[in-house]
Amino acid sequence: MSNTFIAAATRRRSQYALGKALPLSQADTTALIQEAVRQAPSSFNSQSSRAVILFGDESLKFWGFVEDALRKIVPTDAFADTKAKLDSFAAGAGTVLFYEDTATVQALQEKFPLYADNFPVWSEHSSGIAQYAVWTALAEANIGASLQHYNPLPDAAVAAEWDLPPTWRLRAQMPFGSHEAGFGEKTFIDDAIRFRVHG
């Protein structure tokens, strides 16, 4: 199939071997991430997604918060593997923290009470779309990334460190950087299991 979006989506893979040598400048990487989030659709055009983009030492600081939180709950004899995984994320050039603004969601619930129960669900959809948009845009720029979910463990420390609004709810983290290794083969389940077409 010849389709530029599908080609970009095919390049999007989970990269766990990250380095700091980005093919774009920090300013261009920031602009790319911002535009991907900006163009991601949301219910009622609510634009509830928020992103904190961390580079260099600021990214290291974030993964330090995660490590501190995990040390409190992971058994000592099992922590070496956890630390190695966190170090692989910290080895990248930066990290995107994806948030949803609960104030935006609440305002929609109040304005459209008939759909009140749906807006938190639709907010999660918006967040997922924003994450996928950024991940695919980074892949198209030859920047590796993966999606992580250590929230809510470091949330309080992160909010305090970067003075984030209390209505921002952390949903995912995306470490990114240069590709320092290739990928294994990606396999797919049988189409007959996954799809049904009628008409």
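In this report, the structure presented in the accompanying data block is examined. (Residues numbered from 1 in each chain as written. Predicted model: local features only at pLDDT ≥ 70, side-chain atom pairs only at ≥ 80, totals over all residues. Heavy atoms only, no water.)

Of the regular secondary structure elements, the protein chain holds 8 helices and 5 strands. Mapped in sequence order, the helices and strands of the protein chain form the string α-β-α-β-α-α-β-α-α-β-α-β-α. Principal-axis analysis of the C-alpha atoms places the extent of the protein chain at approximately 50 × 45 × 35 Å. Scored against the burial criterion, the 199 residues of the protein chain give a buried share of 41%. Contacts in the protein chain between residues far apart in sequence, at least 24 positions, make up 86% of those at least 6 positions apart. Accessible surface for the protein chain amounts to roughly 11500 Å². Of this, 55% is attributable to carbon and sulfur atoms. Computed over 17 positive and 22 negative side-chain charges, the inter-centroid distance for the protein chain is 3 Å. (Helix = DSSP H or I, 4+ residues; strand = E, 2+ residues; numbered from the N terminus. Buried < 20%, exposed > 50% of the residue type's maximum accessible area, 1.4 Å probe, protein only. Contact = heavy atoms within 4.5 Å. Areas by Shrake-Rupley, 256 points an atom, 1.4 Å probe, with all protein chains shown as cover. Lys, Arg positive; Asp, Glu negative; His and termini not counted. Charge placed at Lys NZ, Arg CZ, Asp CG, Glu CD.)

This part covers a nonpolar patch on the surface. Together, Phe5, Ile6 and Tyr132 line one region of the surface with nonpolar side chains, adding up to about 280 Å² of accessible area. Take tyrosine 132: it is sitting in helix H6 (residues 119-140). (Patch = residues over 30% accessible without salt bridge, like charges linked within 9 Å, V, L, I, M, F, W, Y side chains within 5 Å. Salt bridge = Lys/Arg side-chain N within 4 Å of Asp/Glu carboxyl O.)

Our next topic: the environment of threonine 104. In this fold, threonine 104 is placed in helix H5 (residues 102-111). Measuring from C-alpha to C-alpha, the distance between threonine 104 and glutamine 15 comes to 32 Å, with 89 residues separating the pair along the chain. Sequence-distant contacts of threonine 104, that is, excluding residues within four places in its chain, are made with Ser46, Ser48 and Arg50. Separated by 3.4 Å, the side chains of threonine 104 and arginine 50 make a polar contact. (Polar contact = N/O pair within 3.5 Å; in protein donor to acceptor, adjacent residues only side chain to side chain.)

Take unusual backbone geometry next. Residues asparagine 151 and proline 152 are joined by a peptide bond in cis, for which omega reads 10 degrees. Structurally, proline 152 can be placed in the loop between strand E4 (144-145) and helix H7 (155-161). Its identity is not glycine, yet glutamine 47 carries a phi of approximately 50 degrees, on the positive side. For glutamine 47, the location among the structural elements is in the loop between helix H2 (26-39) and strand E2 (49-55). A positive phi angle is found at asparagine 142, which is not glycine, with a value near 65 degrees.

Counted by the stated rule, this structure contains 14 aromatic pairs. For the pair phenylalanine 65 and tryptophan 162, a centre-to-centre distance of 6.1 Å together with 80 degrees between the ring planes defines the contact as edge-to-face. With phenylalanine 65 in helix H3 (residues 56-71) and tryptophan 162 in the loop between H7 and strand E5 (168-179), the pair connects residues that are 97 residues apart, well separated along the chain. On the basis of relative accessible area, phenylalanine 65 is assigned to the buried category, the value being 18%. Here the aromatic cluster, defined as three or more aromatic residues joined through ring pairs, consists of Phe44, Phe112, Tyr115, Phe119 and Trp122. In this structure, arginine 12 packs its charged tip against the face of tryptophan 135, placed 4.3 Å from the ring centre. (Phe/Tyr/Trp six-rings, centres within 6.5 Å; stacked < 30°, edge-to-face > 60°. Lys NZ or Arg CZ within 6 Å of the ring centre and 35° of its normal.)

Take the pattern of salt bridges next. Any two side chains of opposite charge can pair, given that their charged atoms come close. Scanning all chains against the criterion turns up 9 salt bridges. A salt bridge links glutamate 35 to arginine 38; its shortest N-O distance comes to 2.3 Å. Note that glutamate 35 and arginine 38 are positioned in helix H2 at a spacing of 3 residues, about one turn of the helix. Under the relative-accessibility criterion, arginine 38 is labelled exposed at 52%.

Take the packing of H5 against H6 next. The contact between H5 and H6 brings their axes to 9 Å, and the two run at 140 degrees. In terms of orientation, H5 and H6 fall into the oblique class. Crossing of H5 against H6: the hand is right-handed. Contacts from Val105, Leu108 and Gln109 of H5 reach H6 at Phe119, Pro120 and Ser123. Residues of the contact of H5 with H6, tallied by class, amount to 4 nonpolar, 2 polar and no charged. (Axes fitted to C-alpha atoms, helices over the stretch in contact; angles between N-to-C directions. Parallel < 35°, antiparallel > 145°, perpendicular 65-115°, else oblique. Left-handed = near helix turned anticlockwise from the far one by under 90°. Nonpolar A, V, L, I, M, F, W, Y, C, P; charged D, E, K, R; others polar.)

As for its position among the elements, threonine 95 is in strand E3 (residues 94-101). A relative accessible area of 0% means that threonine 95 is categorised as buried. A polar contact of 2.7 Å, which involves the side chain of threonine 95, links it to the side chain of serine 59. Here the side chain of threonine 95 touches tryptophan 63 through a polar contact of 2.8 Å, side chain to side chain. Ignoring any residue separated from it by four or fewer positions in sequence, one finds threonine 95 in contact with Val52, Ile53, Leu54, Ser59, Phe62, Trp63, Gln173, Met174, Pro175 and Phe176.

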